[in-house]
Amino acid sequence: MQGFIQLLIWGKIASSINKVWDITDGSELNDNDVTGLAVAKAINASCQDIFKEYPPKTSSPFDALNEALTNITKIPDNFWTDVIDWGNGPDPTIQNMPDGVEKGLDSFGSALVSIANTLSNAIFSAFGIDLE
């Protein structure tokens, strides 16, 4: 019976970790007025939903999330429209990436990794699993 309970717990953890990557959906954003602030707000709303389900025991996850969201807001607003135009263009390959997009993608990717790690750690912590 104990093995079955552990399987259920790990299933719940895996399902919750999958939610972490749903924060980047962006379906609530309008392509015409995407800004770093709008992206950060959308991601923050999703993160807060996860924090409600798995409340952190300390303030450090909130601090890490806020730092990552601040970094997203620092990405120039033209980056978002450039990425959308590039992605919807006839040849969205690395060779045809507009100037400045690579740096923005690096910053955004780093922020997303930080957010995913923060949320994953909060979920594991809620189940009493210490990854450090």
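Going by the structure above, here's the rest.
Residues numbered from 1 in each chain as written. Predicted model: local features only at pLDDT ≥ 70, side-chain atom pairs only at ≥ 80, totals over all residues. Heavy atoms only, no water.

Caption draft 1: Representation of the packing of aromatic side chains. On inspection of all chains with the given rule, the structure shows four aromatic pairs. Here the aromatic rings of Y54 and F127 are separated by 5.8 Å at their centres, their planes lie at 40°, and the arrangement is tilted. Of the two residues, Y54 sits in the loop between helix 2 (36–53) and helix 3 (60–73) while F127 sits in the segment after helix 5 (101–126), which places them 73 residues apart along the sequence. Judged by its relative accessible area of 29%, F127 falls in the partly exposed class. A network of ring pairs unites the aromatic residues F79, W80 and F108 as a single cluster. (Phe/Tyr/Trp six-rings, centres within 6.5 Å; stacked < 30°, edge-to-face > 60°. Helix = DSSP H or I, 4+ residues; strand = E, 2+ residues; numbered from the N terminus. Buried < 20%, exposed > 50% of the residue type's maximum accessible area, 1.4 Å probe, protein only.)

Caption draft 2: View of helix 2. For helix 2, which comprises 18 residues, the first-to-last C-alpha distance of 26 Å matches the rise-based estimate of 26 Å (1.5 Å per residue) to within 8%. The set of residues buried in helix 2 consists of G36, V39, A40, A42, I43, C47, I50 and F51. (Expected span 1.5 Å × (residues − 1).)

Caption draft 3: Structural view of the environment of G100. Along the chain, the position of G100 falls in the loop between helix 4 (77–88) and helix 5. Given a relative accessible area of 53%, G100 falls into the exposed group. Between the alpha carbons of G100 and V83 there is a distance of 9.9 Å; along the sequence they are 17 residues apart.

Caption draft 4: Geometry of helix 3. With 14 residues, helix 3 ought to run about 20 Å at 1.5 Å a step, and its terminal C-alpha atoms sit 20 Å apart, in line with that. Taken residue by residue, helix 3 has P61, L65, A68, L69 and I72 as its buried positions. Seen along its axis, helix 3 keeps its buried residues to an arc of 100°; they face one direction. As for helix 3, its buried residues are in contact with helix 2, helix 4 and helix 5. (Arc of directions from axis to C-beta. Contact = heavy atoms within 4.5 Å.)

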